[in-house]
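# Structural overview
If you want the building blocks of each chain, they are given just below.
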Amino acid sequence: MANPTVRVGDVVPTDAWKGKKVVLISVPGAFTPTCHANHLPPYIQKYDEFKAKGVDQIAVVTANDAFVMSGWGKALGFKDKILPLSDPTAAWTSQLGLSVDLSKANELGLGLRTSRFALILDDLKITYLGVEPARGVTVSGADAVLAAL
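The text that follows walks through the structure, step by step, so that each part is easy to find. All of these numbers come straight from a predicted model, not from anything done at the bench.

A few words now on the packing of aromatic side chains. By convention here, two paired aromatic rings are described through the distance between centres and the angle between planes. Scanning the entire structure with this criterion turns up 2 aromatic pairs. Measuring from centroid to centroid gives 5.3 Å for Tyr43 and Phe50, while their planes differ by 20 degrees, and the two rings are stacked. No difference in accessibility class separates Tyr43 from Phe50, as the two residues are buried. Note on Trp72 and Phe78: the rings are 5.5 Å apart at their centroids and 65 degrees apart in plane angle, and the pair reads as edge-to-face. Since its relative accessible area comes to 0%, Trp72 is described here as buried. Its relative accessible area of 2% is what places Phe78 among the buried residues.

Put into structure tokens, the structure is as follows:
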């Protein structure tokens, strides 16, 4: 489980999302069973609900390279609904305290990965941070984030 160093109320410095409401989802890996089948599809299916609540951008970050993220976006049909972001060495999420070492998890040897979480940015200020306490999708799922908007 991640021990985040960012908290609700913190400001995330990026000019691209200044003045916007953004939902950022993080998953340990593209094409992995939970991420691919359970976590991202509801965000795509409920895209219009997010837009109706004023969300300007939905983005997903994971510890995969840009080529894998592009392929995953095509496979799931992100199109212009979800922006795929790459954090291949989990450097950015590590700075936030939101990475996880899956080297020995289930003997899959996945190495350092992005944790499973979702956050809401409103004009760069974190207004919601849902970090999964265990395996599965609860506080970072589409329904939990919609309820927090």
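Further remarks concern the sheet that holds strand E1 (residues 21-27). Reading across the sheet, the 5 strands line up as E3-E2-E1-E6-E7 and stay open at both edges, with mixed pairing between neighbours. The open sheet has two free edges, formed respectively by strand E3 (82-86) and strand E7 (125-131), since each of these has just one partner strand. The sheet shows a mean angle of 20 degrees between the axes of neighbouring strands, taken without regard to direction. The pairing of strand E6 (residues 117-122) with E7 spans 6 bridges and is classified as antiparallel.

Within the element layout of this structure, Ser86 appears in strand E3. On the accessibility criterion, Ser86 (34% relative accessible area) is partly exposed. Sequence spacing of Ser86 and Val61 is 25 residues, and the spatial spacing of their C-alpha atoms is 5.6 Å. With sequence-adjacent residues up to four places away left out, Ser86 is seen in contact with Val61, Thr62, Asn64, Asp65, Ala66 and Met69. For Ser86, the side chain forms a polar contact with the main-chain oxygen of Asn64, separated by 2.4 Å. At 3.4 Å, the side chain of Ser86 forms a polar contact with the backbone nitrogen of Ala66.

Moving on, we come to the pairing of strand E2 (residues 57-62). Every other side chain in a regular strand lies on the same face of the sheet, so the side chains alternate between the two faces. Taking burial as the measure, the 6 residues of E2 include 5 buried ones, the bulk of the element. Strand direction decides the pairing type here: E1 and E2, joined by 6 bridges, are parallel. Paired with Ile25 across the bridge in E2 is Val60. Looking at chain direction, E2 and E3 are connected through 5 bridges and run parallel. Each bridged residue has a counterpart across the sheet, and for Ile58 the counterpart in E3 is Ile82. In the classification by handedness, the crossover that spans E2, the intervening helix H3 (residues 66-76) and the parallel E3 is right-handed.

Calculation criteria
Residues numbered from 1 in each chain as written. Predicted model: local features only at pLDDT ≥ 70, side-chain atom pairs only at ≥ 80, totals over all residues. Heavy atoms only, no water. Phe/Tyr/Trp six-rings, centres within 6.5 Å; stacked < 30°, edge-to-face > 60°. Buried < 20%, exposed > 50% of the residue type's maximum accessible area, 1.4 Å probe, protein only. Pairing = 2+ DSSP bridges. Helix = DSSP H or I, 4+ residues; strand = E, 2+ residues; numbered from the N terminus. Axes fitted to C-alpha atoms, helices over the stretch in contact; angles between N-to-C directions. Contact = heavy atoms within 4.5 Å. Polar contact = N/O pair within 3.5 Å; in protein donor to acceptor, adjacent residues only side chain to side chain. Right-handed = clockwise from strand over helix to strand, strands pointing away.

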